[in-house]
Every structure is written in C-alpha cells, then in structure tokens.
Amino acid sequence: MSVWVDLAGQGPVVTQLRRAAQSGNPTHAWLLTGPPGSGRSNAAIAFAAALVCEREELAERGCGVCKACHTTLSGTNADVRFIATEKTTITIDEARELVRKAHDSPSSSRWRVMIVGDADRMAERTTNVLLKAIEEPPPRTIWILCAPSPADVLVTIRSRCRTLTLRVPPVQDVADLLVHRDGIEPGLALHAARAAQSHIGIARRLASDVGARERRERIVRLPLTLRNVTGAVLAAASLLELAQAEATSSNEDRDIAEKANLLRSLGAPETGTLPASIRAQVRALEEDQKRRSKRSVTDQLDRALTDLLSFYRDVLVVQLAVRAQNGGGGAEAPAAAVELVNESLRGVLNDFAADSRAETTLVRMDAINSVRRRLTSTNVSPLLALEAMTASLL
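Each value, and the rule that gives it
Residues numbered from 1 in each chain as written. Predicted model: local features only at pLDDT ≥ 70, side-chain atom pairs only at ≥ 80, totals over all residues. Heavy atoms only, no water. 1 Å grid on protein atoms, 1.4 Å probe; cavity = no way out; pocket = protein on both sides within 12 Å on 5 of 7 lines; lining within 4 Å. Points joined across faces, edges and corners; volume = space filled by probe spheres on them. Nonpolar A, V, L, I, M, F, W, Y, C, P; charged D, E, K, R; others polar. Buried < 20%, exposed > 50% of the residue type's maximum accessible area, 1.4 Å probe, protein only. Helix = DSSP H or I, 4+ residues; strand = E, 2+ residues; numbered from the N terminus. Pairing = 2+ DSSP bridges. Right-handed = clockwise from strand over helix to strand, strands pointing away. Patch = residues over 30% accessible without salt bridge, like charges linked within 9 Å, V, L, I, M, F, W, Y side chains within 5 Å. Areas by Shrake-Rupley, 256 points an atom, 1.4 Å probe, with all protein chains shown as cover. Salt bridge = Lys/Arg side-chain N within 4 Å of Asp/Glu carboxyl O. Expected span 1.5 Å × (residues − 1). Contact = heavy atoms within 4.5 Å. Polar contact = N/O pair within 3.5 Å; in protein donor to acceptor, adjacent residues only side chain to side chain. Phe/Tyr/Trp six-rings, centres within 6.5 Å; stacked < 30°, edge-to-face > 60°. Axes fitted to C-alpha atoms, helices over the stretch in contact; angles between N-to-C directions. Parallel < 35°, antiparallel > 145°, perpendicular 65-115°, else oblique.

> How do you make sense of the layout of surface pockets when you look at a structure like this?
Picture a little ball the size of a water molecule; that probe, rolled over the atoms, points out where space is still empty. What the second largest pocket holds in volume is close to 210 Å³. Every residue lining the second largest pocket is counted, 13 residues in all, and those nearest its centre are Glu54, Ala68, Thr71, Asn77 and Ser108. Counted by class, the lining of the second largest pocket contains 4 nonpolar, 6 polar and 3 charged residues.

> What's the story with the pairing of strand S4 (residues 141-147) in this structure? I'm lost.
Across the 7 residues that make up S4, a large majority, 7, are buried. Alignment of strand S1 (residues 29-33) against S4, held across 5 bridges, turns out to be parallel. Bridge pairing in S4 places Leu32 opposite Cys146. Judged from the 5 bridges that link them, strand S3 (residues 112-116) and S4 form a sheet pairing that is parallel. Its bridge partner lying in S4, Ile115 is registered against Ile144. What joins S3 to S4 is helix H5 (residues 124-135), and the crossover it makes is right-handed.

> Any chance you could explain a nonpolar patch on the surface here in plain terms?
Together, Val229, Val233 and Leu394 line one region of the surface with nonpolar side chains, adding up to about 240 Å² of accessible area. With respect to the helices and strands, the residue Leu394 is situated in the segment after helix H15 (382-392).

> How should I be thinking about the pattern of salt bridges in this particular structure?
In total, this model carries 20 salt bridges according to the counting rule given. Here Arg205 and Asp209 are joined by a salt bridge, their closest N and O atoms 3.4 Å apart. Accessibility classification places Arg205 together with Asp209 in one group, the buried group. One salt bridge in this structure joins Glu246 and Arg215, with 2.7 Å as the shortest N-O distance. With a gap of 31 residues between them, Glu246 in helix H11 (residues 229-265) and Arg215 in helix H10 (residues 210-220) connect regions that are remote in the sequence.

> Can you help me understand unusual backbone geometry in this one?
Working note: non-glycine residues mostly have negative phi, and peptide bonds are mostly trans. Even without being glycine, Gln197 reaches a positive phi, approximately 55 degrees. Checked against the element boundaries, Gln197 lands in the loop between helix H8 (186-195) and helix H9 (200-208). Gln197 sits in the partly exposed class, given a relative accessible area of 32%. Despite not being glycine, Ser198 shows a phi value in the positive range, around 70 degrees.

> Sorry if this is basic, but what is going on with helix H2 (residues 40-52) here?
Since the α-helix advances by 3.6 residues per turn, residues separated by three or four positions end up pointing in the same direction. The terminal C-alpha atoms of H2 lie 19 Å apart, and with 13 residues this matches the ideal 18 Å at 1.5 Å per residue to within 8%. Where burial is concerned, most of H2 is hidden: 10 out of the 13 residues are buried. Taken residue by residue, H2 has Arg40, Ala43, Ala44, Ala46, Phe47, Ala48, Ala49, Ala50, Leu51 and Val52 as its buried positions. Contacts made by the buried residues of H2 are with helix H1 (11-23), S1, helix H3 (67-74), strand S2 (80-83), S3 and S4.

> Before we go on, may I ask you to explain the side chain of Asp79 in this structure?
Structurally, Asp79 can be placed in the loop between H3 and S2. Residue Asp79 is classed as buried on the basis of its relative accessible area, which comes to 0%. Within the structure, the side chain of Asp79 is placed 2.9 Å from the side chain of Ser109, a separation counted as a polar contact. Aside from chain neighbours lying at most four places away, what touches Asp79 is Pro106, Ser107, Ser108, Ser109, Trp111, Arg112 and Val113.

> Looking at this model, I keep getting lost on the packing of aromatic side chains. Mind explaining?
Aromatic ring pairs are described here by two measures, namely the spacing of the ring centres and the angle between the planes. Applying the stated criterion across every chain yields a total of 4 aromatic pairs. Considering the side-chain rings of Phe311 and Phe352, the 5.0 Å spacing of their centres and the 85 degrees angle between planes classify their relative orientation as edge-to-face. A residue pair is termed long-range when its members are at least 10 positions apart, and Phe311 in helix H12 (residues 276-326) and Phe352 in helix H13 (residues 346-354) qualify at 41 residues. Classification of Phe311 as buried rests on a relative accessible area of 0%. According to the relative accessible area criterion, Phe352 is buried, its value standing at 16%. Seen in terms of ring centroids, Tyr312 and Phe352 are 6.1 Å apart; in terms of plane orientation they differ by 75 degrees. Their pairing is edge-to-face. Residue Tyr312 is located in helix H12, and its partner Phe352 is located in helix H13; the two are separated by 40 residues in the primary sequence.

> Could you clarify how one ought to interpret the packing of H9 against H10 in this entry?
Axis angle and axis distance: for two packed helices, these are the angle between their axes and the distance between the axes, and together they describe the pair. Across the interface, H9 lies against H10 with an axial gap of 5 Å and an inter-helix angle of 105 degrees. Compared by their axis directions, H9 and H10 come out roughly perpendicular. On H10, the residues that touch Arg205, Leu206, Ala207 and Ser208 of H9 are Val210, Ala212, Arg213, Arg215 and Arg216. Looking at the contact of H9 with H10 residue by residue, the class counts come to 4 nonpolar, 1 polar and 4 charged.

These values are about where atoms sit, not about what they do.
Here it is as structure tokens:
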C-alpha cells in the first residue's frame, strides 16, 4: 500500500515528489500541470499525504496506511487544506481564507499543506492575494497548485513555484491500474481505458457502471443518426438528456461514497443518530454536494461532446491512414492496424470514413470544439447550441 499507487503512468513525477517528501526540506511551492485526467489533484493529495505521513523513516514516507495518510486521502486531515470550486472561478474571499489558514501552525504534522486544485480558475486579482503567501510562506507551510498548463497561471505565481508536468498515461497503464486496484476484468479494463482516452476517473466509472457504458455508446453512435434536420434536432435533445442522466448517476455514486468516507474517518456509524458535531460536518458536506451538482451537468455535457469528438477523431485517423496508403506515403501499417478510441466500432467507422473526406471531418470536429467553448464560457442555451452543432454535422 502506498499513496502513489493511483498515479498510473506518472513514474518520473512520482519519483520527484517522493524524493521531495523524503528530503525533510522540500520546496515551499509547487505547480502540478497536466491535461484533464492526468491526475493532477491526485498527485497533489498523494504528495500532501507523504509530507504529513507519520512514519519516521524517510524511505517510508507516504505509507498509505497511517492515520495521517488515511485522513489526507479521505480529505479530513486538519493540516491539509484542499480548495477547488464548483463554480466558474475561485472567489477572492476563498483565497483570503486560504491565506489566513496558511499562517496557522500544523496541529499534529510536520507541515501544513495548502492545495489549490483549480489554480487556473482564479482571476488576476484573486491570484495576487496568494502571491505574497507563496513568495514568503509561513514556516512549515507548503503550497501545491494544480492547473492544466503553466500558461494558465500568472507568471508571477509560476516563477515562484517548482513545476512538474504530468502526462496523459498510456492506455495499458490505466487498464493495469483498474485490474490491480479495482479488480476489473482485463478485457473490460482495457476497453474502458481506451474509451476514456486514459482519463483514470472516467475509465473507472466506465469499467464499473454498465449504465455509463451504455450512455457513452449511444453518444458515440449519434453521428450515425444524422441524416436530416429532424434527426439533428432529435440527436441534440438526446445528447443533452444523456449528459443529464450521467450527471445524476455519477453524482449519486460520488455523494454516497463521500458521505461514507466522512463518517468512517470520524469514527461514526453510517446509520443511526449522529452526534451534533458530526451532523454539522455532514450538513456542510451535503451543501457542497448541492453546489457541485449545479456544475456537473455542464461538465458531463463537455464530456459527452468529448466522446462524440472521439468518433470523428477515429474517422479522421482511418481517413488519413487510407490516404497515406493510397498515396504511397510509406505508411508502415495498414489502415486496419491504426489504433482507435472506439475499437468496438471499427467496422462502422471504416464505412463512415469511406463516405466522407478528411477535410469534412476536420470541419465537423471544429464545430464540436466550438460548442464546447461556448458552453463553458457563455450563458448560451445548451439545447440551442447543440441543435446548431448537430445540424452542422449533417
């Protein structure tokens, strides 16, 4: 057991974080970057657990079994503060509260660790609130910021942090993690890892929830129904409905698991009457979950569009492979051997690719990405945006 076990395919980053945790004098500010699904937040939490681990032996820091490791991984360690947001941005008041907490001395650990899980969701004014605290941190305080890329964080912040970049883990590494950690059958694990495009959290959900797999299958097959404007309108409504259903399902599972973990960490029974102090913490968790549910539909819709995009990505891969073969481009592998995200639909994808041109596929992919940007940055009606998109895919 180790706090690093869930960081599939991130060997170089794990090595550096492990070495820092064992050094006894780690850098005071870190910036962990990487694309969605690479495990930025998981790496930050694992690093925090290793920093506050109760083991005296340096080589054993991050054991994953002591109380400090357990409470950090479950989100209840008093010396580890994690801030993310279910809203568009982290507010300046939230940043000020984090800075105030950073000046508290650790209650029982070597370090107080402050994690900003969405450092890219801070306005410049909010980021400047953190600047002084990161530039001159209180004694025994370590900051860990997470963002998709260094460019998503103000240069004044990233220049004061040690930056580590996580990569998209290989599909096979994600599949192996699902097999060894979650007991998933190898074939299903590989299918889920490929369909999730190596996003570990999504791969786990696809592997463990048949409903999630069925919803994704329906999304990926939507282009096959686009024959006229009526079909495009129906496809848009179906896409929104599937995203909403997935958001509801994933929230229910996550909410139940979070409540169970909270009660377990507090030593309380999962059923029966709870003491007043524990009831207050449970209510706070439930309020956070309600706020999160409001953003989850947008997040799931973006994921649905990513899955839809994977259909056209596979079509483009096939088209380019065929073009290289027919043009004598020196392709070493035939089109049948190219790796697809939706491997189970290879026959359908080959037929679809043969009926269109690569240039058309690129235009369709651009239309999907355009809607993704609009849905996350404007107040456009999701259904109207989807209807316009599906009509452009005809």
